[in-house]
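Chain residues, written in single-letter form:
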Amino acid sequence: MNYTYAQYEESAAYLRGKLNGFRPRVAMVLGSGLGYLGDQVENPVIVPYGEIPHFKHSTAPGHKGQLVFGTLAGQPVAVMQGRMHHYEGYSYEEVSYGVRVLRLLGCDTLFVTNAAGGVNFTFHAGDLMLITDQIKIFMESPLRGENLPEFGVRFPDASYLYTPALRELARRQARRLDMDLKEGVYMYFPGPQYETPAEIRMARVLGADAVGMSTAPEVIVAGHCGMQVLGFTLVANMAAGMLPQPLSEQEVLDAAEAAREKFSALVLACLEHLPAEEA
Ligand code: HPA
C-alpha cells in the first residue's frame, strides 16, 4: 500500500490543531532506550501516536510511542519517542511515515539516534559513533511505489544523506566536550534476530562499522524530502561473533542507560549550536 499526499497532510493538520502555531524545526527520532531526551523538552505538547490519523504504534522495548513538541536546548523540536521498525510488521513506508509528517509541520532537520552492534574492531561497547553514511541494500526502499513529487524527486541523490556540515558540527561539539566520538558507516539489517557471526563478517567486508535494525529507512525518506540529517549510534554491544558470548536485548538497554549522560550532552550541544535556518 502507498500513502497519498492527502494522508500525510491529514496527519499534519491534526497535529497543527494541537500546536497553537508552534512550528518545530528539528525532528528527532530516538532509538532503543534513548527516548529520555524527549522527557527534557520544555513546555511539552505530547501526542500519542495512536491519536494521530494514519500513524502506527511502536511496540519495541524502550520505545514510548508518542510525539513530544516543545523546546530543547533552545530549539523548537518534535521528538518521536519511539520509532517503528520493519520487524514489527510495518512496511518501510509506514516506518518512515512520521518523518514526512514532521517535514510538513516545518522541520528542516532530522536528528536520529539508535543503539547498534559494533562491527569495527577498534570500537567498544558504550562508544558513541557519528554516522557518516549508511548501507541499506537488502529489501526494498521506503520510496518504493508511486513517487510523491510534493516531497521530492523520483531518483533522489544519496551522496550526502548525513549532512556534511552537521557532521562537522558534531565533531566540534564532541571536541568541546572532550568526548571521544567514533565515526563510521551504519549498516541496516531487518532483524528482529540479531545477526549471525557470518553476517557480521560480511558486513565488515562490505564497509560497515556498526549494524542495526532502524534509522536507514527514515534517513532515506528525510533525504528525499530535502531535510538535513545528523545521526548518532550508541555502540551498545559488539556484534555477533566478536566476543565469546551471545547478545541480549537487556545488554542493549543497559548500555543505553549507561551512556545516557554523555549521549544527552552531545545531542543537546549539537541542537544548541545548530546554525540558524536558511531563510
Ligand atoms: N545488531 C543489530 N541491532 C542491534 C545490535 C546488534 O548487534 N545491538 C543493538 N541493536
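It should be emphasised that the depicted structure is a prediction, and the values quoted were computed from it without experimental measurement. Counting of residues starts from 1 at the beginning of each chain's written sequence and follows it residue by residue. Under the rules for a predicted model, residues below a pLDDT of 70 receive no local features and side-chain atom pairs below 80 are neither given nor counted, while totals for whole chains, interfaces and linings still include all residues. Derived side-chain values reflect all non-hydrogen atoms in the structure, with water molecules and hydrogen atoms excluded from consideration.

1. Quick word on the overall build of the protein chain
Here is step 1 of the chain: Secondary structure follows DSSP: runs of H or I at least 4 residues long count as helices, runs of E at least 2 residues long count as strands, and numbering of each begins at the N terminus. In terms of regular secondary structure, the protein chain is built from 7 helices and 9 strands.
Here is step 2 of the chain: Values of the radius of gyration come from C-alpha atoms, whereas the globule rule sets the reference at 2.2 Å times the count of residues to the power 0.38. In terms of overall size, the protein chain behaves like a compact globule, its C-alpha atoms giving a radius of gyration of 17 Å where 279 residues would be expected to give roughly 19 Å.
Here is step 3 of the chain: With the C-alpha coordinates of the protein chain rotated into their principal frame, the extents come out at 55 × 40 × 35 Å.
Here is step 4 of the chain: Split into buried and exposed, the 279 residues of the protein chain put 57% on the buried side.
Here is step 5 of the chain: When contacts within the protein chain are restricted to residue pairs at least 6 apart in sequence, those whose partners lie at least 24 apart make up 83%.
Here is step 6 of the chain: Throughout, the Shrake-Rupley method with a 1.4 Å probe supplies accessible areas, and for residues the shown protein chains are the sole cover considered. Carbon and sulfur atoms make up 52% of the accessible area of the protein chain, which amounts to about 11700 Å² in all.
Here is step 7 of the chain: A positive count includes Lys and Arg, and a negative count includes Asp and Glu. His and the chain ends are not counted in either. To locate a charge, take NZ of a lysine, CZ of an arginine, CG of an aspartate or CD of a glutamate. Taken as two groups, the 22 positive and 31 negative side-chain charges of the protein chain have centres that lie 3 Å from each other. Throughout, exposure labels follow a simple rule: accessible area from a 1.4 Å probe, protein chains only, divided by the maximum for the residue type, with under 20% read as buried, over 50% as exposed, and the rest as partly exposed. For this analysis, residues touch if any pair of their heavy atoms sits within 4.5 Å.

2. As for the nonpolar core
Here is step 1 of the chain: Definition used in this section: a nonpolar core is a set of buried Ala, Val, Leu, Ile, Met, Phe, Trp, Tyr and Cys residues joined via side-chain atoms within 4.5 Å. Residues Phe55, Leu67, Phe69 and Leu102 are the most contacted members of the largest nonpolar core, which totals 59 residues.
Here is step 2 of the chain: Considering each element in turn, this core owes the most residues, 5 residues, to helix 3 (residues 97-104).
Here is step 3 of the chain: If you count residues domain by domain, this core takes at least three from each of domain 1 (23-51 + 59-83) and domain 2 (122-250 + 259-274).
Here is step 4 of the chain: Sequence-distant contacts of Leu102, that is, excluding residues within four places in its chain, are made with Ala27, Leu67, Phe69, Ala78, Met80 and Cys107.
Here is step 5 of the chain: Of all hydrophobic cores here, the second largest spans 35 residues; its members include Val26, Val77, Ala115 and Val267. Domains are outlined according to an automatic or database domain assignment.

3. Topic: the side chain of Asn120
Here is step 1 of the chain: Tracing the chain through its elements places Asn120 in the loop between strand 5 (109-118) and strand 6 (128-135).
Here is step 2 of the chain: Among all residues touching Asn120, those that are not within four sequence positions of it are Asp209, Met238 and Met242.

4. Details of the domain arrangement of the protein chain
Here is step 1 of the chain: We note that the domain assignment places domain 1 (23-51 + 59-83) and domain 2 (122-250 + 259-274) within the protein chain.
Here is step 2 of the chain: Here domain 1 and domain 2 have C-alpha centroids that lie 19 Å from each other.
Here is step 3 of the chain: Tallying the contact residues gives 15 residues for domain 1 and 16 residues for domain 2.
Here is step 4 of the chain: Between domain 1 and domain 2 the total buried area reaches about 1300 Å² when both faces are included, carbon and sulfur atoms providing 68% of it.
Here is step 5 of the chain: The partner of Glu218 in a salt bridge is Arg83, with the nearest N and O atoms 2.7 Å apart.
Here is step 6 of the chain: Any pair of nitrogen or oxygen atoms within 3.5 Å is treated as a polar contact; in protein, a donor-acceptor pairing is required on top of that, and neighbouring residues in sequence qualify only through side-chain atoms on both sides. Scanning the region where domain 1 abuts domain 2 turns up 5 residue pairs in polar contact (both at pLDDT 80 or more).
Here is step 7 of the chain: Elements with a contribution of two residues or more to the side of domain 1 that touches domain 2: strand 1 (26-30) and strand 4 (75-81). A simple way to read buried area is as the amount of 1.4 Å-probe accessible surface that goes missing from two parts once joined, with both sides added. One speaks of a salt bridge when a side-chain nitrogen belonging to Lys or Arg is within 4 Å of a carboxyl oxygen belonging to Asp or Glu.

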